Amino acid sequence: MPSLPVIVVEDDPFTRLIPLVLDPKASEERRAAFADFMSTDEPDFAGWCERVRQGSAGLYPAEVRMMTSEAEMRANLKDCVALVVESFRVGRDDLAAASRLKVVQKFGTNLRNIDTAACTQKSIKLLTLRRRANISCAEHAFGLILLLARKLDELDGLVTVKRIAAARGAYRPFQRNHTPGGNYVRLGGTRALNGATIGIIGLGEIGREIAIRARAFDMNVLYHQRTRAPDAEERELKARHVPLPTLLSESDWIVPQLPTGPSTRDLLGRAELSQVSRGACIVNVANAPIINRDALIEALHADRLGGVALDVHYQEPLPDDDELLAFDNVILTPRMAGSPRFNGLNDFEQLIKGLARELAAGNSP
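Here we summarise the structure given alongside this text. The numbers attached to residues start from 1 for each chain and follow its sequence in the written order. Reporting in this predicted model follows two pLDDT cut-offs: at least 70 for local features of residues, and 80 or more for side-chain atom pairs to be given and counted; totals over whole chains, interfaces and linings ignore these cut-offs and use all residues. Hydrogen atoms and water are omitted, and side-chain values are computed over all heavy atoms in the structure.

For the α-helix, the turn length of 3.6 residues means that residues three or four positions removed from each other point alike. Among all positions in helix H14 (residues 293–301), only Ala-295, Leu-296, Ile-297, Ala-299 and Leu-300 are buried. On its buried face, H14 is in contact with helix H13 (270–273), strand S11 (307–310) and strand S12 (330–332). In protein, a polar contact requires one atom able to donate a hydrogen and another able to accept it; more generally it is a pair of N or O atoms within 3.5 Å, and residues adjacent in sequence count only if both atoms are side-chain atoms. We count a stretch as a helix when DSSP gives it H or I for four or more residues in a row; a strand needs E for two or more, and each element gets its number in order from the N terminus. Where H14 starts, the residue carrying a side-chain oxygen 3.1 Å from the main-chain nitrogen of Asp-294 turns out to be Asn-292. Two residues or fewer past H14, Asp-303 is found with a positive phi of approximately 60°. The classification of residues rests on relative accessible area computed with a 1.4 Å probe and restricted to protein chains. Under 20% of the type maximum is buried, over 50% is exposed, and intermediate values are partly exposed. Any pair of residues with heavy atoms lying within 4.5 Å of one another is described as a contacting pair.

Below, the discussion takes up the state of the cysteines. A pair of cysteine sulfur atoms is labelled a disulfide when the two atoms are within 2.5 Å. One pass over the structure, following the stated rule, counts zero disulfides. Cys-119 takes part in no disulfide bond, and the closest cysteine sulfur, belonging to Cys-80, lies 11 Å away.

On to the packing of aromatic side chains, then. When two rings of Phe, Tyr or Trp (its six-membered ring) have centres within 6.5 Å they constitute a pair, described as stacked for plane angles under 30 degrees, edge-to-face for angles over 60, and tilted for the intermediate range. All told, the structure shown has six aromatic pairs when counted by the stated rule. Aromatic pair Phe-45 and Trp-48: ring centres 5.8 Å apart, planes at 15°, arrangement stacked. Of the two residues, Phe-45 and Trp-48 are both situated in helix H3 (residues 45–54); the distance of three residues between them amounts to about one turn of the helix. When sorted by exposure, Phe-45 lands in the same class as Trp-48, which is buried. One aromatic cluster is present, built from ring pairs that chain together Phe-14, Phe-34, Phe-37, Phe-45 and Trp-48. The lysine or arginine in question, Arg-191, covers the ring of Trp-253, its NZ or CZ lying 5.5 Å from the ring centre. A ring is scored as having a charge over it whenever the NZ atom of a lysine or the CZ atom of an arginine sits within 6 Å of its centre and within 35 degrees of its normal. In this structure, Arg-341 is placed above the aromatic ring of Phe-37, and the distance from its NZ or CZ to the ring centre is 3.6 Å.

All right, on to the side chain of Glu-10 then. By secondary structure assignment, the location of Glu-10 is in strand S1 (residues 6–10). Notably, Glu-10 is buried but unbridged: the nearest opposite-charge side chain belongs to Lys-106, and the N-O separation is 7.8 Å. Within the local environment of Glu-10, its side chain forms a polar contact with the backbone nitrogen of Glu-86, the two atoms lying 2.6 Å apart. A polar side-chain atom of Glu-10 sits 3.0 Å from the main-chain amide nitrogen of Phe-88. Among all residues touching Glu-10, those that are not within four sequence positions of it are Thr-15, Met-66, Met-67, Val-84, Val-85, Glu-86, Ser-87 and Phe-88. His is not counted here, nor are the chain ends, while Lys and Arg score as positive and Asp and Glu score as negative. Only one rule defines a salt bridge in this text: a Lys or Arg side-chain nitrogen within 4 Å of an Asp or Glu carboxyl oxygen.

Here we take up the pattern of salt bridges. In total, this model carries 22 salt bridges according to the counting rule given. When the shortest N-O distance is used, the salt bridge between Arg-213 and Glu-209 registers 3.0 Å. With a gap of four residues between them, Arg-213 and Glu-209 both fall in helix H10 (residues 205–216), about one helical turn apart. A relative accessible area of 18% places Arg-213 in the buried class. With relative accessibility at 7%, the residue Glu-209 sits in the buried group. Across the pair Arg-240 and Glu-250 runs a salt bridge, and its minimum N-O distance is 3.5 Å. Note that Arg-240 is positioned in strand S8 (residues 239–241) and Glu-250 in helix H12 (residues 244–250), a separation of ten residues in sequence. Taken together, the shared-partner salt bridges in this structure form one network comprising Glu-70, Arg-74, Arg-89 and Asp-94.

Right under this line is the structure:
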C-alpha cells in the first residue's frame, strides 16, 4: 500500500481543522469538540468535512502532523509534501531539507517569515490566504468604534415621546418652523470619524485590515510597531509610523492589535494610559492582557477615556460583579470579532482545496 502524503502544519486552534478533514486518524474527541464549536453556524460539521474532502480529490487520506515548535517542524520536513505555517520561520536550509516539498501555504498574507526567493529557486509553490476571520475582526473593531462614536447603545429605541422622557427627561421638540429636526432626543457628545485620528498598535494582518477601513472613513492613520512597514505599504494605507507615546497622545481612537506574549503583556499600563489624550477611546479585539486591567479601570474612574470597547476579556465569561460592567462608556462583547464560523470554515475549504490543486498539478506529467 503506498504511503500517505504527509502534510506538516503549525498548530493553531484553527489549523486543527486540517487533520479533521484529511487525516482518518484524527482525534474523535477533537472532532466532537469542533462539531460543537461550529454548531452555531454549521450544525452539520461532519457533512462540511465530507464536502471539503470530496472537493479535494487526491489529498484524502493524508497524514497530517501538527507541530507546536519550529524545531519540531524542522524534524518533520524530510517526508512532507505540503507545509502550512502561520508564524514559523521557513528558511533556505529548511527548504533544502524538505526534498519532497511541493507547496508552502502561509496561513495569512504576510510572507516576512518565509524565504520566498528560496521557494522560487526550488520551484516550491507558495500560497497565501487573506483570512476572512481577520477581515471580520476589523469589521467588528469598526462596529465597536461606531457604537461608541454614535452612542448607538444609548439611542436604541429612543424614538417615542414616552421612551425619550423615561431616558432623557421631558421631551422638548425643536421649533421646526425655524430649525431642522435632527437629534430630537437632544443627545450630545457624538463623534465623527472623518478627520479623526486612529492609532493602530501592530500593523499585522488584522491591523492592516483595520487601516484599510480607517482609510475608507478618511481617518488619519498612525501606527506603531518595532519594525516599520515598507514605504509602499505605508503609502497604500496612508499610514504614518510613530513612537508609541506619540500614537497615544495624538490618537482619538487607539486599537492595540498584538498577540499575547511576554513582550506585549501590560504594554498599556499606568504610564502609557496617562499619555493618552483625554477623551480618546480604546477598542480591543485582540488580547485582553495587552492592557493592564487595573490601569484601565483607574483611567476610566478618572474620566481620562471617552470610552472603551472590549471583545476580549481578562476572564471569560466575566463574573456578574465585574467592575467593567458598571461603566456607562464601556462596551463589552463576548469574543465575537472573528465570527461567524463560516469565516474559518470557508478559509480552510479554500486552503485545503488549494493544497490539493497544487499537489495534483505537481504530480501531473
